[in-house]
Amino acid sequence: MLRVAELSAGYGGFQALFDASLEVNAGEAVAVIGPNGAGKTTLLRVISKLISPSAGDVTFEGRSLAAVAPHDVVARGIAHVPENRRLFPRLTAEENLRMGAYTSRRTYAERLAQVYALFPRLRERRHQPAGTLSGGEQQMCAIARALMSGPKLLLLDEPSAGLAPVVVQSIFELVRRICAEGYTVLIVEQNIRQVLKVVSRAYLLEAGRIVRSGSADELRTAPEIQKAYLGL
Amino acid sequence: MRLFAAALCAFALAAQAQQKEIKIGFIYDVSGPFAGGGSEPAQIGTKAAIDMFNEKGGVMGYKINAIFTDAQSKVDVAINEMTRLVDQEKVDIVAGVYSSAQCVPMVQQTESRKKFLWLNVCIATAVFKDRKLNYVFRPQAHSDQFGAWSCDYINYYAKSKFHSEPKNLRVAIIHEDGPYGVGVAAGNESQCKKHGMNIVLKEGYSASAPDLSSLVTKLKRARPDVLLHTGYNPDITLFLRQAKEQGLRVKAIIGHGAGHSQIDKLRQTFGEDVNYFHSIDPAAGQLLDPKTLKPGIWDLTQEMVKRYQAVKGPGELPPHVSMGFNNTWILLNDVLPRAIKQYGGFDSEALRKAALDTDIPVGGTLQGYGVKFYPPGHQLSGQNERAFPVVMQYVNGRARIVWPREVQTTDPVLPFPKGHSFAP
Amino acid sequence: MSDIFDVYLLEAVLNGLLLGGLLALLSLGLNLVFGVIDVVWICYAELIMCGMYAVYYLHVQYHWPLVLAMLAAIGVVAFLGWLLHQLVIRPVLNAEPINQLLVTGGVLFFLQAAATLAFGIEFKNLGVTLPSVRLGEMSFSAARLVAFGAALGGVIALWIFLSKTYLGTAIRAISQDRAIMPLMGVDPGRIFALTSALGGALAGLAACLLVLQYDIHPAIGLSFGPITFLICVLGGLGNMLGGFVAAFIFAQFIAVGGFFFAVEWGYVIAFIFFIAVMFWRPRGILGK
């Protein structure tokens, strides 16, 4: 479904990504794991065209995204939950969801019902400004906002970052449920232990390069990962 | 060969003759609110006078090279333009200037540079009063006279027209808060008090104020018989509009030049409502009775009207055209030739001496007044002591001179007749 | 005269209310544009001037019916707002605020000079006089009443648009986080252009109401530009409700202050209040 081929990208003179290649198949949940500053966020930002690559290509459903305008990526079926959630703090929770449905207004009511079914907590908070929600609720709202466009592929950038440990548990539970619903998910995480319980495959990104890939079980049991990231 | 030499010689002479010129820098406003308040008409009048001289070969063989600059209705721009004219353009004379707000700081600057400054339009008495100026001259009447004139006028007609003793007349004075408005209003207040009138309100406002409704409300509460008003154009329109909307009633409205003299514009906006309004200004030349003028002057007036209407089309000439034309004419026709002939040129010193010698009798200029400047030592030194303004009354867009009695062309209509929008 | 009930004081208060409506309408478009695009249109009042000229020429010169001329003028100024954004604002969108102020300030002088060249310095007016509304001793301008109504209507319409429609929500969202708008499928450039046109249309609406009361001349913006800007700052730049409230407070200071003291003092008191608020709440009465 998504194919990233030899992608390089950076900011100004700083290159954050070197020849990264990966693939996500329909219905799969795939993680990109790695330490802070490895280029994970950059990877997602290139896929959703917030930044342009310096080399390489991204194809989605067999078509290159090179000539697609940033704001047309959503309509192609890719929704991106950005790092730090990035809700519109002075819009209510429901208005944030409405922004998520900007490109698919006809199905708004139907999707809103689905999303509230998935996140009953949001329904209670729907008239509250998003900035006043708790961290966990904000993450739910950000994910829900992305789902409002009815995406074929969901990009999740560090959904557990900055959340209390108890809340992290419930967020991963949610991600697991979303994957179970049949969404294709590409998730980027530092919390490797947790994320590998949710996805089927993963790539290890270090200093801008994909250094390893394999099934979740393979990576979890790989000695160098256990040593470097899982503290075993 | 000899022919060639002669031709060369003639050519050289001609070239030299062409270089003989007098540079005069004129400062007016052709943008901003003052432009429509009379500054642009004054510039048109000035140009007409200069053209007429240059068409006849200039002044004593010197071509007049006039440089017109736009002060944009701003004080700082006026001062900068003056500095530029003097320092860069190296003009021999600075002249023009519409707004008193520009004149007051400007005289200081030209005086310290000993540059000859000839003021055509601005009227504030404060420009000269106690300033001990040596190189600044103004043939125009000054604002204290304006303010006094309206009070003298209503005082004279109090009994016969208002059927009231002057001391029972309720007078309100409102004015824009620049030197011009403040100066006129001060003249109003002292003269009306001298006649024992009851001043029920005196208040200034900013000419660019977006709202004057509370001023109108206060006027309604003060119930004046006569309203004395001094303002520029946008504020006069705004005031009259709000006054009408809020139902202000008075027996007479007397304006003091500037916006009130732009009768064509006021009529466009208010139509019949501005009938029987007054304005005080130096006389518009074309309104005078030719019999009161010296021979030949009336021809000038007609030429001025012709030239102005060629630019602006038919319609009543605002008095500012006469101010621009006549006061420039006095400079070119009287002062400059004397400076060249008797004082050997047109540097500031020669011009100053020539100006102080000026002695034109009443009726000797296009606006009716004579010219003699107060000498050094007088508190208004440089101001023309023979200048006077007139009170005009507008009926259906036509101005008639109603005061002073000596030049009156018709009996005034006082108070507003029944049915008039502002009549009680 | 009774000290307890002064009909003239009441007239001053009510006139202040009407003036407040006019000022509120003026502040609406400027606030909208600032709130969304984060750029202050210093030349806002000059756009209004253009709108006034548009009404004048269409109605007086070309004899269009007044209402039609006004609608067309709103369209013209909306187009000017759009053009201003595309030609002038877009290149400096990420520049220092001072540079943005300078370019829109440049547009102010350009429009003034262009209007002087194109329309001359003569004062123009529609020659339309609306009747005044009498209430006993008191009398009010119908043009002001209409402006007051239009300001209320404009605020309500804008509020509905901003809170109930996708586009309106996007306009509010973009001021909170411009960078992620593409992730919502929103093209920020389009929203900015649209907001600029909307701001222009509001300036056009203000022009239609001002033209009923004021003479048109190239410098008319000087009478309204500074006060509009002060009101927006007073209410919290970009905060439309704040601007609305501030307009009415400011107008009361002008009207009632001018009634009790000299008219000049009304403005002085209003400005002192402005400065005091800036110390007390630098981000404005309702600023965050």
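Residues numbered from 1 in each chain as written. Chains lettered and ligands numbered in written order. Predicted model: local features only at pLDDT ≥ 70, side-chain atom pairs only at ≥ 80, totals over all residues. Heavy atoms only, no water.

1. A word on the overall build of chain A
Rules: Going along the chain from the N terminus, every DSSP run of H or I of four or more residues is numbered as a helix, and every run of E of two or more is numbered as a strand. Three labels apply to residues, based on accessible area from a 1.4 Å probe with only protein chains included: buried if under 20% of the type maximum, exposed if over 50%, partly exposed otherwise in between. Residues count as neighbours in contact if any of their non-hydrogen atoms are within 4.5 Å of one another. The Shrake-Rupley method, run with a 1.4 Å probe, gives the accessible areas here. Residue values count only the displayed protein chains as cover. A positive count includes Lys and Arg, and a negative count includes Asp and Glu. His and the chain ends are not counted in either. One atom stands in for each charge, and that atom is NZ of Lys, CZ of Arg, CG of Asp or CD of Glu.
Looking only at helices and strands, chain A has 10 helices and 10 strands in total. The principal-axis extent of the C-alpha atoms belonging to chain A is close to 45 × 45 × 35 Å. When the 232 residues of chain A are sorted by exposure, 53% land in the buried category. Of all intrachain contacts in chain A linking residues separated by at least 6 positions in sequence, the fraction that spans at least 24 positions is 66%. Summing over all exposed atoms, chain A offers an accessible surface of approximately 9800 Å²; the carbon and sulfur share of this is 48%. Charge separation in chain A, taken as the distance between the mean sites of 28 positive and 22 negative side-chain charges, equals 5 Å.

2. Notes on the overall build of chain C
Heads up, the condition is: Just to be clear, the radius of gyration here is over C-alpha atoms, and the globule rule we use is 2.2 Å times residues to the power 0.38.
When helices and strands are tallied, chain C shows 10 helices and 2 strands. Listing the helices and strands of chain C from first to last along the sequence gives α-α-α-α-β-β-α-α-α-α-α-α. Whereas a compact globule of 288 residues would reach a radius of gyration of roughly 19 Å, chain C reaches 19 Å, a difference of no more than 12%. The principal-axis extent of the C-alpha atoms belonging to chain C is close to 65 × 50 × 35 Å.

3. A short note on helix H3 (residues 75–87) of chain B
The cut-off we apply is this: To estimate how far a helix should extend, the number of its residues minus one is multiplied by 1.5 Å.
In this model, H3(B) (13 residues) spans 18 Å end to end at C-alpha, consistent with the 18 Å of a helix rising 1.5 Å per residue. Packed against the buried residues of H3(B) are strand E1 (21–28), strand E2 (63–70), strand E3 (93–96) and helix H4 (100–112) of chain B.

4. Thoughts on the pattern of salt bridges
Test applied: Note on definitions: salt bridges are taken to be side-chain nitrogens of Lys or Arg within 4 Å of carboxyl oxygens of Asp or Glu.
Evaluation of the coordinates by the stated rule reveals 36 salt bridges over all chains. In this structure, Arg144(C) and Asp211(B) form a salt bridge, with 2.6 Å as the shortest nitrogen-oxygen distance. Remark: Asp211(B) occurs in the loop between strand E7 (198–205) and helix H7 (213–222) and Arg144(C) occurs in helix H5 (residues 142–164); the pair is interchain, linking two chains. The class for Arg144(C) is buried, based on a relative accessible area of 2%. Among the ionic pairs, Lys220(B) bridges to Glu11(C), the shortest N-O distance being 2.6 Å. Here Glu11(C) lies in helix H1 (residues 7–37) and Lys220(B) lies in helix H7, a pairing that spans two chains.

5. Structural notes on the pairing of strand E8 (residues 184–189) of chain A
All names here are of chain A. Formally: Note on pairing: two strands pair once DSSP finds at least 2 bridges between them.
Burial of E8 is extensive: 6 of the 6 residues sit out of reach of the surface. The alternating pattern of E8 places Thr 184, Leu 186 and Val 188 and Val 185, Ile 187 and Glu 189 on opposite faces, both of which are buried. In terms of strand pairing, strand E3 (residues 29–33) meets E8 through 5 bridges, oriented parallel. Paired with Val 30 across the bridge in E8 is Leu 186. Sheet topology places strand E7 (residues 153–157) next to E8; 5 bridges connect them, and they run parallel. The partner of Leu 153 across the bridge, within E8, is Thr 184.

6. As for the packing of aromatic side chains
The relative placement of two aromatic rings is captured by the distance of their centres and the angle of their planes. Residues and elements named next belong to chain B. Definition in use: Pairing of aromatic rings covers Phe, Tyr and Trp, the last through its six-membered ring, and needs centres within 6.5 Å; plane angles under 30 degrees mean stacked, over 60 mean edge-to-face, and all others mean tilted.
Scanning all chains against the criterion turns up 32 aromatic pairs over all chains. Between Tyr 98 and Tyr 232 the ring centres are 6.2 Å apart and the planes differ by 45°, which places this aromatic pair in the tilted class. In this pair, Tyr 98 sits in the loop between E3 and H4 while Tyr 232 sits in the loop between strand E8 (226–230) and helix H8 (233–245), placing the two residues 134 residues apart along the sequence. In this structure, Tyr 98 and Tyr 232 share a single accessibility class: buried.

7. A closer look at the nonpolar core
Selection criterion: We define the nonpolar core as a collection of buried residues of types Ala, Val, Leu, Ile, Met, Phe, Trp, Tyr and Cys that are connected through side-chain atoms lying within 4.5 Å of one another. How far each domain reaches was decided by an automatic or database domain assignment.
Ranked by size, the top nonpolar core spans 263 residues in total, and within it Met99(A), Phe119(A), Phe239(B) and Leu336(B) carry the most contacts. Examining the composition of this core, we find that 13 residues originate from one element, H1(C), more than from any other. A domain split of this core shows at least three residues from each of domain 1 (2–141 + 295–356) and domain 2 (144–281 + 390–407) of chain B. Formed by 28 residues, the second largest nonpolar core is a distinct cluster that contains Ala20(A), Leu65(A), Leu186(A) and Tyr203(A).

8. Focus: the interface of chain C and chain A
Note the cut-off: Reported buried area values correspond to the accessible surface (1.4 Å probe) lost by two parts on association, with both partners' losses combined.
If you look at the interface, chain C gives 23 residues, while chain A gives 22 residues. Buried surface at the junction of chain C and chain A, summed over both partners, amounts to about 2200 Å²; 65% is from carbon and sulfur atoms. Three residues, Tyr166(C), Leu183(C) and Met184(C), lead the burial of chain C against chain A; their summed loss comes to 36% of the area buried on that side. Linking chain C with chain A are 2 salt bridges.

9. Some details on the packing of H1(C) against helix H6 (residues 166–176) of chain C
All names here are of chain C. Quick note on the threshold: Lines fitted to C-alpha atoms define the axes here, with helix axes fitted over just the stretch in contact, and angles between the N-to-C directions of these axes take values from 0 to 180 degrees. Should an angle lie under 35 degrees it is considered roughly parallel, over 145 roughly antiparallel, and from 65 to 115 roughly perpendicular; all remaining angles are considered oblique. Residues are sorted three ways: Asp, Glu, Lys and Arg are charged, Ala, Val, Leu, Ile, Met, Phe, Trp, Tyr, Cys and Pro are nonpolar, and all the rest, Gly among them, are polar.
Put simply, H1 and H6 touch, their axes get as near as 7 Å, and they point 55° apart. Between H1 and H6, the angle falls in the class oblique. On H6, the residues that touch Leu 32, Gly 35 and Val 36 of H1 are Ile 171, Ile 174 and Ser 175. Classifying every residue of the contact of H1 with H6 by side-chain character gives 4 nonpolar, 2 polar and no charged.

10. A look at a nonpolar patch on the surface
Here is the rule we go by: Distance thresholds for patches are 9 Å for like charges and 5 Å for nonpolar side chains (Val, Leu, Ile, Met, Phe, Trp, Tyr), applied to residues having over 30% relative accessible area and no salt bridge.
There is a patch of nonpolar side chains on the surface, built from Tyr62(C), Trp64(C), Val67(C), Leu68(C) and Leu71(C) and spanning about 550 Å² of accessible area. On the basis of relative accessible area, Trp64(C) is assigned to the partly exposed category, the value being 34%.

11. Focus: the environment of Lys47(B)
Locating Lys47(B) in the fold gives a position in helix H2 (residues 33–55). When the C-alpha atoms of Lys47(B) and Gly324(B) are compared, they prove to be 8.2 Å apart, with 277 residues separating the residues in sequence.

12. Let's talk about the interface of chain C and chain B
If you look at the interface, chain C gives 43 residues, while chain B gives 41 residues. Of the roughly 3300 Å² buried between chain C and chain B, counting both surfaces, carbon and sulfur atoms make up 52%. Of all residues in chain C, Ile121(C), Phe123(C) and Val263(C) give up the largest surface area on contact with chain B, accounting jointly for 20% of the area buried on that side. On the surface where chain C and chain B come into contact, there are 4 salt bridges.

13. A look at the confidence of the model for chain C
Inclusion rule: Scored between 0 and 100, pLDDT is the confidence that the predictor attaches to each residue.
Looking at chain C, pLDDT values average 90 and 98% of them are 70 or higher. With a pTM of 0.79, the predicted complex shows an ipTM of 0.90.

14. Brief notes about the sheet that holds E3(A)
All names here are of chain A. Here we have 6 strands laid out as an open sheet, ordered E6-E7-E8-E3-E9-E10, and mixed in their pairing. Edge positions in the sheet fall to strand E6 (78–81) and strand E10 (209–215), since each of these pairs with one other strand and no more. Averaged over all adjacent pairs, the angle separating strand axes in this sheet is 15°, with direction ignored. Those strands touched by helix H6 (residues 135–147) are E6 and E7, and its axis lies near 170° from that of E6.

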